[in-house]
Amino acid sequence: MKKLSGYYDKLPEDDRLLAYHIADMVEICEKKYIPRFSAFLDGRQVEIAKSVLNYEGFKNFMFYGGYEGALRVILGVFPPYVRYGKQDFPMKNLVFRYREENRLTHRDFLGAFMACGINRNMLGDIIVNEGYTVAFVYDTVCGMISSEMRKVGSVGVKISEENEPAIYVKENFMEIKGTVSSMRLDCVVSLAARISRENAARIIRASNVSLNSGIGVSVSSEVKSGDVFSVRGYGKFILSEVSGKSKKDRFCICIKKYI
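Residues numbered from 1 in each chain as written. Predicted model: local features only at pLDDT ≥ 70, side-chain atom pairs only at ≥ 80, totals over all residues. Heavy atoms only, no water.

## Here's the deal with the pattern of salt bridges
For the structure shown, the criterion picks out 13 salt bridges. Between Glu-175 and Lys-177 there is a salt bridge, with the nearest N and O atoms lying 3.9 Å from each other. By relative accessible area, which is 59% here, Lys-177 ends up exposed. Through salt bridges with shared partners, a single ionic network connects Asp-15, Arg-44 and Arg-232. (Salt bridge = Lys/Arg side-chain N within 4 Å of Asp/Glu carboxyl O. Buried < 20%, exposed > 50% of the residue type's maximum accessible area, 1.4 Å probe, protein only.)

Spelled out as structure tokens, the structure:
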């Protein structure tokens, strides 16, 4: 763990603590020859974990979130020569069923989990459909959820644990259209988060912005169509379109915010 001293000093405290935690996982795995697992990680945290694993030269690891393309995943690190797979991860798949006319949302489910005292890092993706929602949760909280959650909001739900639930992923966006003086990251973040360019630059310099899940970006990093960026406290976005320039020679862009 001492090898990381100074390596992540510029990261916010939470990210720095995560980096040291990943290094600890690797150290315990190598010394005690036992697998170790993280809590659920978001895209930014995954990139931090990857950078630590690369820095440590550790190769025997896997990220898994319950299905292909999961946004929130668990990192598993494994001793050399040990076979491992998704069945080794401390994760359960909970299916919630309810009447289709009851329009529940991701926020409804997240609020219900929080009301049960479940920390966000114990929850993976929550995939909401009409009358059917799948939540990937840490195995240590599965029993609590199954025994305590009888309703989500005012809607009664039936909960079952299923090994391979049907996954129907649909992404919802809110469009943000406007113009920027350049395609620099600080300009694009300013429009996306509805903050001044100066505040955007400050947030970027504080390592609170990731671009294509990469950390260590600068205010002058160029953003291109299709790029995905996250702003801590403001959400996740994709630059969906650059449609030319205005009469004032500003770039006309469309940003989609994940909701």
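The discussion continues.
## Points about the side chain of Asn-60
Assignment of secondary structure puts Asn-60 in the loop between α2 (43-56) and β2 (61-64). For Asn-60, the side chain forms a polar contact with the main-chain oxygen of Pro-79, separated by 2.6 Å. Dropping the residues within four chain positions of it, Asn-60 is found in contact with Gly-76, Val-77, Phe-78, Pro-79, Pro-80, Tyr-81, Val-82 and Tyr-84. (Helix = DSSP H or I, 4+ residues; strand = E, 2+ residues; numbered from the N terminus. Polar contact = N/O pair within 3.5 Å; in protein donor to acceptor, adjacent residues only side chain to side chain. Contact = heavy atoms within 4.5 Å.)

## Topic: α2
Counted at 1.5 Å a residue, the expected span for α2 with its 14 residues is 20 Å, and the 20 Å between its end C-alpha atoms agrees. Within the span of α2, buried status applies to Arg-44, Val-46, Ile-48, Ala-49, Ser-51, Val-52, Leu-53 and Glu-56. Of the surrounding secondary structure, the elements contacted by the buried residues of α2 are α1 (13-32), β1 (36-41), β2, β3 (73-77) and β11 (209-211). Within two residues after α2, Gly-57 carries a phi angle of roughly 70°, on the positive side. (Expected span 1.5 Å × (residues − 1).)

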